[in-house]
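Here is what each chain is made of, one letter per residue.
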Amino acid sequence: MNIFNLLLPTRRGVGAVMKGCRATCYSFFHSSPETTVEVQSQEQEVVIAMGSNVGDRLCNFNEALQLMKKLGVNITRHGCLYETEPAYVTDQPRFLNSAVRGVTKLGPHELLGVLKKIEKDMGRTNGIRYGPRPIDLDILFYGRFSIHSDTLTVPHERIWERPFVVAPLLDLLGSFVESDTVACWHSLSQQHNGLFETWEKLGGESLIGKEGMKRVLPIGNLLWDWSLKTSVMGILNLTPDSFSDGGKFQSVEAAVSQVRLMISEGADMIDIGAQSTRPMATKISAEKELERLIPVLEAVLTMPEMEGKLVSVDTFYSKVASEAVGKGAHIVNDVSAGQLDPDMYKVVAGLKAPYVAMHMRGDPSTMQNEENLQYDDVCKQVASELYSKVRDAELSGIPAWRIIIDPGIGFSKKAEHNLDILLGLPAIRRHIAMKSLAASHAPILIGPSRKRFLGEICNRPSADERDPATIASITAGVLGGANIVRVHNVRDNLDAVKLCDSMLTRRKSLA
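Residues numbered from 1 in each chain as written. Predicted model: local features only at pLDDT ≥ 70, side-chain atom pairs only at ≥ 80, totals over all residues. Heavy atoms only, no water.

K.L.:
Would you mind showing me how to read the overall build of the chain here?
P.N.:
Helices and strands together make up the secondary structure of the chain, namely 18 helices and 18 strands. Its C-alpha atoms give the chain a radius of gyration of 24 Å, near enough to 24 Å, the size a compact globule of 511 residues would have. Projecting the C-alpha coordinates of the chain onto the three principal axes gives extents of approximately 75 × 45 × 45 Å. Each of the 511 residues in the chain was classed as buried or not, and the buried ones make up 58%. Within the chain, residue pairs in contact and separated by at least 24 positions form 72% of the contacts whose partners lie at least 6 positions apart. Accessible surface, the chain as shown: approximately 21000 Å² in total, 51% of it carbon and sulfur. A gap of 3 Å separates the mean positions of the 57 positive and 60 negative side-chain charges of the chain. (Helix = DSSP H or I, 4+ residues; strand = E, 2+ residues; numbered from the N terminus. Rg over C-alpha atoms; globule rule 2.2 N^0.38 Å. Buried < 20%, exposed > 50% of the residue type's maximum accessible area, 1.4 Å probe, protein only. Contact = heavy atoms within 4.5 Å. Areas by Shrake-Rupley, 256 points an atom, 1.4 Å probe, with all protein chains shown as cover. Lys, Arg positive; Asp, Glu negative; His and termini not counted. Charge placed at Lys NZ, Arg CZ, Asp CG, Glu CD.)

K.L.:
Got a minute to help me understand the pattern of salt bridges in this structure?
P.N.:
Opposite charge on two side chains makes pairing possible when the charged atoms of those side chains draw close. Summed over the entire model, instances satisfying the criterion amount to 27 salt bridges. Linking Arg 94 and Glu 83 is a salt bridge whose minimum nitrogen-to-oxygen distance equals 3.9 Å. Here Arg 94, found in the loop between strand S4 (81–84) and strand S5 (95–104), pairs with Glu 83, found in strand S4; they are 11 residues apart in sequence, far enough to count as distant. Looking at Arg 94, the relative accessible area reads 22%, which means it is partly exposed. By relative accessible area, which is 15% here, Glu 83 ends up buried. Of the charged contacts, one joins Arg 215 and Glu 205 as a salt bridge, the two residues approaching to 2.8 Å between their closest N and O atoms. Placement of Arg 215 in strand S9 (residues 213–219) and of Glu 205 in the loop between helix H7 (194–202) and S9 is noted, with a sequence separation of 10 residues between them. As far as burial versus exposure is concerned, Arg 215 and Glu 205 are alike and both buried. Connected through shared salt-bridge partners, Lys 116, Glu 119, Arg 124, Arg 133 and Asp 136 make up one network. (Salt bridge = Lys/Arg side-chain N within 4 Å of Asp/Glu carboxyl O.)

K.L.:
What is the right way to read the nonpolar core from this model?
P.N.:
The biggest cluster of nonpolar side chains holds 82 residues, and the ones touching the most others in it are Leu 236, Ile 270, Ile 272, Leu 293 and Ile 446. Among all residues touching Ile 270, those that are not within four sequence positions of it are Gly 234, Leu 236, Val 259, Met 262, Ile 263, Met 306, Leu 310, Val 311 and Ser 312. (Core = buried A, V, L, I, M, F, W, Y, C linked by side-chain atoms within 4.5 Å.)

K.L.:
Help me understand unusual backbone geometry, please; the structure alone is not making it clear to me.
P.N.:
Among all residues except glycine, the phi angle is most often negative; among peptide bonds, the trans geometry is most common. At the junction of Val 154 and Pro 155, the peptide bond is cis and its omega measures out at 5° in the coordinates. Mapping Pro 155 onto the fold places it in the loop between strand S8 (153–154) and helix H5 (163–171). For Ala 337, which is not a glycine, the phi torsion comes out positive at approximately 50°. Along the chain, Ala 337 turns up in the loop between strand S14 (331–334) and helix H11 (344–351). The backbone phi angle of Ser 412 is positive, close to 60°, even though this residue is not glycine. Checked against the element boundaries, Ser 412 lands in the loop between strand S16 (403–406) and helix H13 (415–423). On the basis of relative accessible area, Ser 412 is assigned to the buried category, the value being 0%.

K.L.:
Hey, could you run me through the sheet that holds strand S11 (residues 231–237) in this one?
P.N.:
Hydrogen bonding along the main chain pairs the strands of a sheet, whether they run parallel or antiparallel. Pairing within the open sheet is parallel, and its eight strands lie in the order S16-S15-S14-S13-S12-S11-S18-S17. Two strands lie at the open edges of the sheet, namely S16 and strand S17 (445–446), each paired on one side alone. Across five bridges, the pairing between S11 and strand S12 (residues 269–273) is parallel. Looking at S12, one finds that Ile 235 is bridged to Asp 271. Against the sheet, helix H9 (residues 286–301) touches S11, S12 and strand S13 (310–314), its axis set at about 175° to S13. (Pairing = 2+ DSSP bridges. Axes fitted to C-alpha atoms, helices over the stretch in contact; angles between N-to-C directions.)

K.L.:
Got a minute to help me understand the packing of helix H8 (residues 252–264) against H9 in this structure?
P.N.:
If you want to describe how two helices pack, look at the angle between their axes and the distance between the axes. It is the contact of H8 with H9, at a shortest axis distance of 9 Å, that shows an interaxial angle of 40°. Regarding the angle of H8 to H9, the classification is oblique. Between H8 and H9 lies a crossing whose hand is right-handed. Packed against H8, whose contacting residues are Val 252, Ala 255, Val 256 and Val 259, the element H9 presents Pro 295, Val 296, Ala 299 and Val 300 at the interface. Of the residues in the contact of H8 with H9, the class split is eight nonpolar, no polar and no charged. (Parallel < 35°, antiparallel > 145°, perpendicular 65-115°, else oblique. Left-handed = near helix turned anticlockwise from the far one by under 90°. Nonpolar A, V, L, I, M, F, W, Y, C, P; charged D, E, K, R; others polar.)

K.L.:
Could you clarify how one ought to interpret H11 in this entry?
P.N.:
Residue pairs three or four apart in sequence face the same way in an α-helix, which turns once every 3.6 residues. Of the residues making up H11, those classed as buried are Met 344, Tyr 345, Val 348 and Ala 349. Looking down the long axis of H11, one finds its buried residues gathered within 130° of arc, a one-sided arrangement. Turned more than 90 degrees off the buried face of H11, the exposed positions are Lys 346 and Gly 350. Of the surrounding secondary structure, the elements contacted by the buried residues of H11 are helix H10 (318–327), S14, strand S15 (355–358) and helix H12 (378–395). Positive backbone phi, approximately 55°, marks Lys 352, located one or two places after H11. (Arc of directions from axis to C-beta.)

K.L.:
For this particular structure, what's the right way to read the side chain of Thr 181?
P.N.:
Tracing the sequence through the fold places Thr 181 in helix H6 (residues 180–187). Setting aside residues up to four positions removed in sequence, Thr 181 forms contacts with Glu 45, Gly 143 and Arg 144.

Next comes the structure, spelled out in structure tokens:
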């Protein structure tokens, strides 16, 4: 989906905001590094670009983020993660690129000194300009100031020609101009529609997914480009009381057999849950959940068939998430988006694992209460409430480039709400994009499989009779932009996904 094309017609006010801003936000420094300026005495919002193509690139990013925080830069937002071909000097490895937004009390030259120290401490040397480096940190914006000195130019002089800089820079913003500082950053682009227009002139979203620039999500040692195809996540419930298959896979042998079947049918991921989250389910302890989960997880991870496949753990307990990832699970899938365990964000941030944040009001025992089913505009409200959780997760140290979002079909929703969500995935992305383009680009996971609303609509009281309706809902979701589908019946839903992907590819080729 080309979010920028969708948003440009609605930004009629951006040019006017920036026109007024030009007279008020520019403060130019023609100075030396020794010059002391008033900005050192107050906190300033900054944008810093990141690049790496030597060693473990993602590990380099993580180390640089930790050092920035330690040395006086409080990171508040992260762009998406991009794998890009090298520019200028092309005979070198591919880069990882992103950008972060933060606040600091460091003056501009102090900040430059801190970033140069981080680069040096991480092994960067004075080699070829634009050549290989373990970490590259550039100041893109510093508050509402334009800076020119012998050692520092802000905005960075080559921003406007570099898609690998502009893309993650835009990720740090929303389509709505949220502050005077952001308006000034747009104004510095010298384009009527600000940085959005700069990005469009470089090629915009048409650049993403091509060989030269891929938006990726890190999973273990893999950089996952979710634009290549829709992924199928097979469901493995280890509970005695799940609504569809409760009690069927409680033994290790039965669970392994079911995983083997789903993998043979084409599943890309297996989502293992040991706690029922059906409506009115009774919550069990983290210890009981681990007792069910760990023997199966260990057995599944040793299966030869699992090579190249991913394992997700479905839990709202941080303790379970920590133990499961420690054993080898790749993804944490939290139906509560951190609501049911105050330690979840902090723990997942430390695990450095992808995090699925799902929309739900209340908990499984209260989510279908009348007060949790009240919506005026379900897509708009789900987007707003879900982004609030994503924002909290990011402030707790989970970068946007590790987050997957799930609108929570069947959780705190009536049948009509679930239909609106299936039809409204593009609207959910647009509403999130108003506040964060990075979050709006996140992979979307949907899980309508065999749920009650399908039975109500199709008059199928038994969950295992709802596979045809599931296929129809999965089809609608994929055509609307879903990137991961969580299903019980892998074989038949995979056929639907393949057809949808082919239709979307055909549509793109005709555009």
